[in-house]
Every structure is written in structure tokens, then in C-alpha cells.
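Listed below are the residues making up each chain.
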Amino acid sequence: MRNLCLLLKLHLNEEFRFSVFSHEKNPLKKMGFVLKNLVLVCMLLVVALLSFQAGKLLVSYGLGEAIPLVGYIIGSVVTLVVTILKINEILAGKSDAEFLMSLPMGTFLHVVCIFLRLYVWNTLLVALTNIPMVMAYIDEGLAVENFIPTWVVGLLFTCLPLTGMAALVGTVLALCLASLRKSNFVQSIVILSVLAATGITVLKIIYCVKNVLAAAGDVQDVIRVITMNFRAGRLYQGGVILHSPGSLFLFIVYSVVWFLLFTFLISMSYQEVILALRAPKNFIEYDFCIQEQCRVSKAVSKRLWDQWLQSRSYMASTLIGPLFALLISGFFLITKGSGIREILSAQGNLAYLSVPLFLCALIGMGCNTYCGLSMEGKQHWIMQTIPVDEKEIYTQKIIMNLWITEPVALICGIMLWISIKPPVLIGICYSIVPIVYGLLSAIWGMWIDVRHVDYSLDTENQVLRQSISFYLGWLPGVLLPLLLGVLFAVGA
């Protein structure tokens, strides 16, 4: 038990970096820790608010009785996606993975800590998506006697089966990709493909939601269809909602057995998995030839692109915003505005300006100059020792960022202009404003990172989401156009 507590303490310190915060003497960096927690709380509150509105929407369509079951399905899907995306980094993405493996402790304890970490994080996400929806359920007086105790039990066991399944799927996927020469690149493509498929599914649901709800009929028909096609949902409905002791017992056993089964399977091969992920076998044939001289700018640019393409999460994180910008713009183009044109025209010409501002927020998510220098990490000596002017490196980082964001800004601006059909002068802004903003965000991010570069961060995720450059460079570049877009849309 003592060893387990020690490992949990190490994992907790790794996640929240308490020791770094307590020994940090730079007040600006300490402020970064506080900002990180503040931003996380704000994001969680936004998720809770959206979940509450979704519950209210279901009630308005007469589907209030299905809210707990729908919440269970949403929580299960969120658990599945998050676990698959995080399991590779949790297993071997940290720099201290070898240190943990060298401790005189059994591998089973390491796996238990990993699954406890996944359970706590996934249960938090399930609670954020379920509690607000069930609050709408209770406000409508749909909850029966003793609903809350059994629902809390269901909440605590929601993420168990899919956490185990997703952990195994994510581990197998990571092992299959580990032996590839460009494993990180392929993994980033897989992550972006999963996000793209999820985004397309959500957009399709949003487009068809009115027709689906109108054709749904009685709420019992909806519950019957869900439970017929989802075994865990059937046990959840019978045990948690209908208070059947037998179904509740089977639901708990079903959830725990799947979780423990996959925990046991991974614990049996944990050392082999870590070795395969941290030191994969790659067989490369080298051809000896005379190197051709090239321009300094070309050599620096090639190195930057290689670093970006072969990263664990750097590439995927900076492409999420541009990816969703293309998906949303394409969705509006295919659906010919999908009713947004009528909504904006009813509110006045000023509301049309909110669209390019929202596009600027997505373009700002693609900014990668804010962490370009910090991403060098423990190999920052390479950049400091090469005989190249620092301004050349900064320029090439900005140019690389522009090659990512500017084509997306141009294409999305044109698609939104065609689909929404704003007034001519405002339509010109649809093309110009995102392009100009992509350039300004790249320059701003580079300016911030030069002044607040931090080579001490261990992982790419820490550089991308926990550095001072993130809070001063990336976050304002996304929030500023987003808030302005909301003000234009509401104020109009």
C-alpha cells in the first residue's frame, strides 16, 4: 500500500507539477500555474453550461425521460475518445517513464496507477456532461423517489467498461505504429482523422436534429431503440432509472469486470509495451553520397518541418483549429448556409462580421510560433550553436506557420462568402480579415516566445498548454476574436 501511495503521489505531482510550483522563484512562471488552473476551470464551466442547455433542449422536445440514458451514452463516447487519445502519452510519453520503471516496485502497481488516473479523469468528464443534464431532468420534476442515490452509483461506474476497452485499443494502436519510421506522423494523422470524423458526425447531427426529434415520436420509442442496440445502456436503464436490483447488480458487475479484465491484460505486458514504445526497433538503410549545398534558409526550414511532422502532439494540436475551420466552412457551403444566413440578415449587417471573427479564432488555434522555441526542449543547444542568425530562425518559423494557416484562411473565407452571401463590403472582410489575422497571430506568437522561452518543460503537451507563452501568445490570440465575434453576434 505504501508503494502504491508513493506512485500515486508521483503521478499527481507529474500531472499538476506541484514541486515545480513550490520551488519556482520566477513570479511570472508561478502566475502561469495559476492561469492554467483558471483556464481549465473556465473550460469545464463552459462544458457544463452546454450540457445543461442540451438537457433543456431534450425537455423542450418532450424527450426529458431519456436524459439520464442519453447522458450515459455521451459520457461513454467521451470516455472512449479521450482514453484512446491519451493512453500513448500516459504509458510512455513522459520523460520519467524509465525512472518509474526502475523503481523496485511491481509492474502491476504501475498499471493500477495508470488506470486510476484514467478513471478519475474520465469520471470528471462524465460528471461534467451528466450532472448539468440531470439538473434539467430534475428541474422538470421527472426524477422519481430514490433516483439520485442510484444515479450517483451509475455515474461512478459509467466510464469503467469503455476505459478498459479504449486503453487496450489505444495501446494496440500505439504498438502497431511504434515500429514505423514515421510513427509519430502516422499517429497524428490518426488523431486528426478521429477528430475529423467526430466533427463531421456532430455537424450532421446538428443539421438533422430537428428532423430527428420531430420523427422520434414517443420518448419510450427512443429509449427502446437505444437499449436494444446498447447492452450497457440496457443495464443502466433497468438498474439506475427503473431501480431494478438485478439489473443494477449486473450493471456494476459488467462495468467492473471489463475494467479489471483489461487492467490485468495490460499489466501482464506492461514492460514489453514500454520498451516497444520508448525504444522501437527500426531498420533503416543509409545511402552514402556527397551532400549538396543548399541555402541556409532552406536548411533551417527543412529542420523545422521535420520537427513538426515527427512530433508526438505538436503537429496534431496546431492543426485542430484549421481542421475544424475547413469542416465548418465546408458544412455551410454544402448546406447553403444552413439557415444562418436568415438569422444574420434578421439581426442586421453588423452580425455578418461575427463570422470572420469566429474564423479568426480557429485560425489563431493553428498558431505554432508561440511555442516554436520552447519546443526545442533539451536539444535547444542545437539552435544556439548552429552558425545561423537568430532572425533567420524566427523568420522561418513564421513562414512555416503561414504555410499552415494562410491557405486555410483563404479557402474558408471564400467558402463562407459563397454560402452566407453577406453584403459586398462585408464579404471582402471574409477573405481579408482572416488572412491578415493569421499573419498578425504568427508574428505575435513569435514575439512572445522569444521573450518567454522555456526549455525546462519535459513534454510537448506541457509546452503547448502549460507554458507562459501559451497564456500570453496562443490563448489571447484565440479568445480575443472569439469574444469580439460573440459581441457582434449578440450586440447586433
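The structure displayed is predicted, hence computed values, not measured ones.

**Q** Explain the pattern of salt bridges to me, and be specific about the residues and the numbers.
**A** Close approach of charged atoms allows side chains with opposite charge to pair. All told, the structure shown has 1 salt bridge when counted by the stated rule. Residue lysine 302 is joined to aspartate 306 by a salt bridge in which the shortest nitrogen-to-oxygen separation is 3.1 Å. Here aspartate 306 and lysine 302 lie together in helix H14 (residues 296-309), a separation of 4 residues that amounts to about one turn. A residue is classified by how much of its surface remains accessible, and aspartate 306, at 36% relative accessible area, is partly exposed.

**Q** Explain helix H20 (residues 390-420) residue by residue, including any values.
**A** Taking 1.5 Å per residue as the helical rise, H20 with its 31 residues ought to reach 45 Å, and the 44 Å between its terminal C-alpha atoms agrees with that figure. Leucine 402 marks where H20 bends most, by close to 30 degrees. Lysine 421 occupies a position one or two residues after H20 and carries a positive phi of about 55 degrees.

**Q** How would you explain the packing of helix H7 (residues 147-157) against helix H12 (residues 245-268) if you had to name every residue and give the values?
**A** One way to put it is that H7 packs onto H12 with a least axis distance of 10 Å and a crossing angle of 15 degrees. Judged by the inter-axis angle, H7 sits roughly parallel to H12. For the crossing formed where H7 meets H12, the hand is left-handed. In this structure, H7 uses Val153, Gly154 and Phe157 to contact H12, whose residues at the interface are Leu248, Phe251, Ile252, Ser255 and Val256. A breakdown of the residues in the contact of H7 with H12 according to their chemical character gives 6 nonpolar, 2 polar and no charged.

**Q** An account of the packing of aromatic side chains is requested, with residue identities and associated values reported.
**A** Tallied over the full model, the rule gives 12 aromatic pairs. When the ring of phenylalanine 470 is compared with that of tyrosine 471, the centres are 4.9 Å apart and the planes differ by 75 degrees; the resulting orientation is edge-to-face. Classification of tyrosine 471 by relative accessible area gives buried; the value is 7%. The structure contains a cluster of three or more aromatic residues connected by ring pairs, namely Tyr370, Phe470, Tyr471 and Trp474.

**Q** With reference to specific residues and values, describe the nonpolar core.
**A** Core analysis: the largest hydrophobic core is formed by 27 residues, its most contacted members being Trp308, Tyr314, Tyr370 and Cys371. Only helix H9 (183-215), H14, helix H15 (314-334), H20, helix H22 (460-465) and helix H23 (468-491) provide two or more residues apiece to this core. If one sorts the elements of this core by residue count, H23 sits on top with 5 residues. With sequence-adjacent residues up to four places away left out, cysteine 371 is seen in contact with Tyr314, Asp449, Val463 and Leu464.

**Q** Break down unusual backbone geometry for me, with residues and values.
**A** Positioned with a positive phi, histidine 243 is a non-glycine residue whose angle comes to about 60 degrees. Relative to the elements of secondary structure, histidine 243 occurs in the loop between helix H11 (231-241) and H12. Residue histidine 243 is classed as partly exposed on the basis of its relative accessible area, which comes to 28%. A positive phi angle, close to 55 degrees, is found at lysine 421, a residue other than glycine. Within the secondary structure layout, lysine 421 lies in the loop between H20 and helix H21 (424-451). For lysine 421, a relative accessible area of 51% puts it in the exposed group.

Rules and cut-offs
- Residues numbered from 1 in each chain as written.
- Predicted model: local features only at pLDDT ≥ 70, side-chain atom pairs only at ≥ 80, totals over all residues.
- Heavy atoms only, no water.
- Salt bridge = Lys/Arg side-chain N within 4 Å of Asp/Glu carboxyl O.
- Helix = DSSP H or I, 4+ residues; strand = E, 2+ residues; numbered from the N terminus.
- Buried < 20%, exposed > 50% of the residue type's maximum accessible area, 1.4 Å probe, protein only.
- Expected span 1.5 Å × (residues − 1).
- Bend = angle between axes of the 7 residues up to and from the residue.
- Axes fitted to C-alpha atoms, helices over the stretch in contact; angles between N-to-C directions.
- Parallel < 35°, antiparallel > 145°, perpendicular 65-115°, else oblique.
- Left-handed = near helix turned anticlockwise from the far one by under 90°.
- Contact = heavy atoms within 4.5 Å.
- Nonpolar A, V, L, I, M, F, W, Y, C, P; charged D, E, K, R; others polar.
- Phe/Tyr/Trp six-rings, centres within 6.5 Å; stacked < 30°, edge-to-face > 60°.
- Core = buried A, V, L, I, M, F, W, Y, C linked by side-chain atoms within 4.5 Å.

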